[in-house]
Amino acid sequence: MLARLRRHVENEVPEAISFLGGAYREGRLGLVKSEKKAAKIWKRAVELGDVDAMVFIGEMHEEGSGVKLDKKKAMKLYRAAADRGSAVAQTNLAILLCHEKKFEEAFRYFALAADRGYTPGEINLGICYRNGQGTEVDLGKARYWFERGAAKGHEKAIEILARPDWTIPRLYVTGSGVKLDKKKAMQLFRTAADLGSAVAQTNLGVLLYSEKRFEEAFRYYALAANQGFTPSENNLGICYMDGAGTEVDLGKARYWLERAAAKGEEQSIEALASDKFRAT
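Everything numeric here is computed off the predicted structure, so don't read it as measured data. (Residues numbered from 1 in each chain as written. Predicted model: local features only at pLDDT ≥ 70, side-chain atom pairs only at ≥ 80, totals over all residues. Heavy atoms only, no water.)

A closer look at the overall build of the protein chain
Summing up its helical and strand segments, the protein chain has 17 helices and zero strands in all. For a compact globule of 280 residues, the expected C-alpha radius of gyration is about 19 Å, and the protein chain comes in at 25 Å, more than 25% above that figure. Burial statistics for the protein chain: of 280 residues in total, 44% are counted as buried. Taking the intrachain contacts of the protein chain between residues at least 6 apart in sequence as the baseline, contacts between residues at least 24 apart amount to 44%. Once the 44 positive and 38 negative side-chain charges of the protein chain are each reduced to a mean point, those two points are 4 Å apart. (Helix = DSSP H or I, 4+ residues; strand = E, 2+ residues; numbered from the N terminus. Rg over C-alpha atoms; globule rule 2.2 N^0.38 Å. Buried < 20%, exposed > 50% of the residue type's maximum accessible area, 1.4 Å probe, protein only. Contact = heavy atoms within 4.5 Å. Lys, Arg positive; Asp, Glu negative; His and termini not counted. Charge placed at Lys NZ, Arg CZ, Asp CG, Glu CD.)

What to know about the nonpolar core
Core analysis: the largest hydrophobic core is formed by 61 residues, its most contacted members being Leu125 and Leu236. In terms of domain composition, this core takes at least three residues from each of domain 1 (1–84) and domain 2 (183–279). Leave out the neighbours within four places in its chain, and Leu125 touches Phe107, Phe110, Ala111, Ala114 and Trp145. By size, the runner-up hydrophobic cluster in this structure holds 14 residues, among which are Leu31, Ala39, Ile41 and Leu77. (Core = buried A, V, L, I, M, F, W, Y, C linked by side-chain atoms within 4.5 Å. Domains from an automatic or database assignment.)

Here we look at the domain arrangement of the protein chain
A common way to state how big an interface is: give the accessible area lost once the parts meet. Each assigned domain of the protein chain is listed with its residue range as follows: domain 1 (1–84) and domain 2 (183–279). In this structure, domain 1 and domain 2 have C-alpha centres spaced 47 Å apart.

Brief notes about helix α3 (residues 35–47)
Relative to the 18 Å expected for 13 residues at 1.5 Å per residue, α3 spans 18 Å between its end C-alpha atoms, a close match to the ideal helical length. Considered for burial, the residues of α3 that qualify are Ala38, Ala39, Ile41, Trp42 and Ala45. Gly49 sits one or two positions beyond α3 and adopts a positive phi of about 90°. (Expected span 1.5 Å × (residues − 1).)

Concerning helix α12 (residues 198–210)
Along its 13 residues, α12 runs 18 Å from first to last C-alpha, staying within 8% of the 18 Å computed at 1.5 Å per residue. Remark: Lys212 follows α12 within two positions and exhibits a positive phi of approximately 65°.

Let's talk about the packing of aromatic side chains
This model, assessed by the stated rule, comprises five aromatic pairs. For the pair Phe107 and Tyr129, a centre-to-centre distance of 5.4 Å together with 90° between the ring planes defines the contact as edge-to-face. With Phe107 in helix α7 (residues 103–115) and Tyr129 in helix α8 (residues 119–131), this residue pair connects regions lying 22 residues apart in the sequence. Since its relative accessible area comes to 10%, Tyr129 is described here as buried. With centroids separated by 4.8 Å and ring planes inclined at 70°, the aromatic side chains of Tyr209 and Phe214 adopt a geometry described as edge-to-face. Given the relative accessible area of 26%, Phe214 is considered partly exposed. (Phe/Tyr/Trp six-rings, centres within 6.5 Å; stacked < 30°, edge-to-face > 60°.)

Here's the deal with the environment of Arg259
Relative to the helices and strands, Arg259 resides in helix α15 (residues 250–261). Judged by its relative accessible area of 32%, Arg259 falls in the partly exposed class. Sequence separation between Arg259 and Glu233 is 26 residues, and the spatial gap between their C-alpha atoms is 6.9 Å.

Observations regarding the state of the cysteines
Put plainly, a disulfide is one covalent bond tying together the sulfur atoms of two cysteines. Counted by the stated rule, this structure contains zero disulfides. For Cys98, which is in no disulfide, the shortest distance to another cysteine sulfur is to Cys128 and amounts to 5.4 Å. (Disulfide = S-S within 2.5 Å.)

Quick notes on a nonpolar patch on the surface
Judged by side-chain polarity, Met1, Phe19 and Leu29 come together as a nonpolar surface patch covering roughly 300 Å² of accessible area. On the accessibility criterion, Phe19 (40% relative accessible area) is partly exposed. (Patch = residues over 30% accessible without salt bridge, like charges linked within 9 Å, V, L, I, M, F, W, Y side chains within 5 Å. Areas by Shrake-Rupley, 256 points an atom, 1.4 Å probe, with all protein chains shown as cover. Salt bridge = Lys/Arg side-chain N within 4 Å of Asp/Glu carboxyl O.)

Things to note about the pattern of salt bridges
For side chains bearing opposite charge, pairing can occur when the charged atoms are close. Evaluation of the coordinates by the stated rule reveals 13 salt bridges. With its nearest N and O atoms 3.1 Å apart, the salt bridge here joins Arg213 to Glu216. The exposure class assigned to Glu216 is buried, which follows from its relative accessible area of 16%.

Some remarks on the packing of α12 against helix α13 (residues 214–225)
Between α12 and α13, whose axes approach to 8 Å, the crossing angle comes to 160°. By the angle class used here, α12 and α13 are roughly antiparallel. Where α12 crosses over α13, the two elements pack in a sense that is left-handed. For the pair formed by α12 and α13, the contact residues are Ala198, Gln201, Thr202, Leu204, Gly205, Val206, Leu208 and Tyr209 on the first element and Phe214, Glu216, Ala217, Tyr220, Tyr221, Leu223 and Ala224 on the second. A breakdown of the residues in the contact of α12 with α13 according to their chemical character gives eleven nonpolar, three polar and one charged. (Axes fitted to C-alpha atoms, helices over the stretch in contact; angles between N-to-C directions. Parallel < 35°, antiparallel > 145°, perpendicular 65-115°, else oblique. Left-handed = near helix turned anticlockwise from the far one by under 90°. Nonpolar A, V, L, I, M, F, W, Y, C, P; charged D, E, K, R; others polar.)

What follows is the structure, encoded as structure tokens:
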């Protein structure tokens, strides 16, 4: 396979050159892994107009991996690939534009990527509509793009939709656009929780606890706590302390509360100072 690939490279087939660069970067086909070699090969592919190579070497310049850190160079390469229709490049370029507060231009590139069905572009376009970055706030359109991403299992989109207050942008309080729906929130939290999201596991646990479904809440708190997520470490400790969803076990309660308290969780600090623990 490598011999055939090299023949295509010698004939300056752009796709073959780009593929060979990837093989060097990842150490495939028996090649010694080398980011510098990959960058050198991808530069030739870029000269021949290969869009994927533009994205790959753009990412290397953005990260300073195998090449000199150069975000201007990365942006130039992303723009070249974006203008040739690459949804990945359109999204990467838009993110860099957001860092420079060029929100209107970023919005246009997110929209191009989203219209091609590229999930990260869809999510970021939803965020633009939610926060009014580069466009007017439009919660209906924000929900539309988040739901597209959520339908494909994108964890961040699911978490955003699951938050009861997701309609409150960072800088705006609208109070309109989406009906409060705790059942829908619970459904979305559960989907993200089962994908392993500690945030969703905790949020689902809180909703279950509010419905007095303590045993199920306890299980989700435990999943999140075992990932080191501080709010659930605190909540799991409280469950052990109060016997909510499990037997009272002050030893385990102290263990989880101390873990959370060590990271500054005020409720845990207060619980550990309570009479229950002074006697133990």
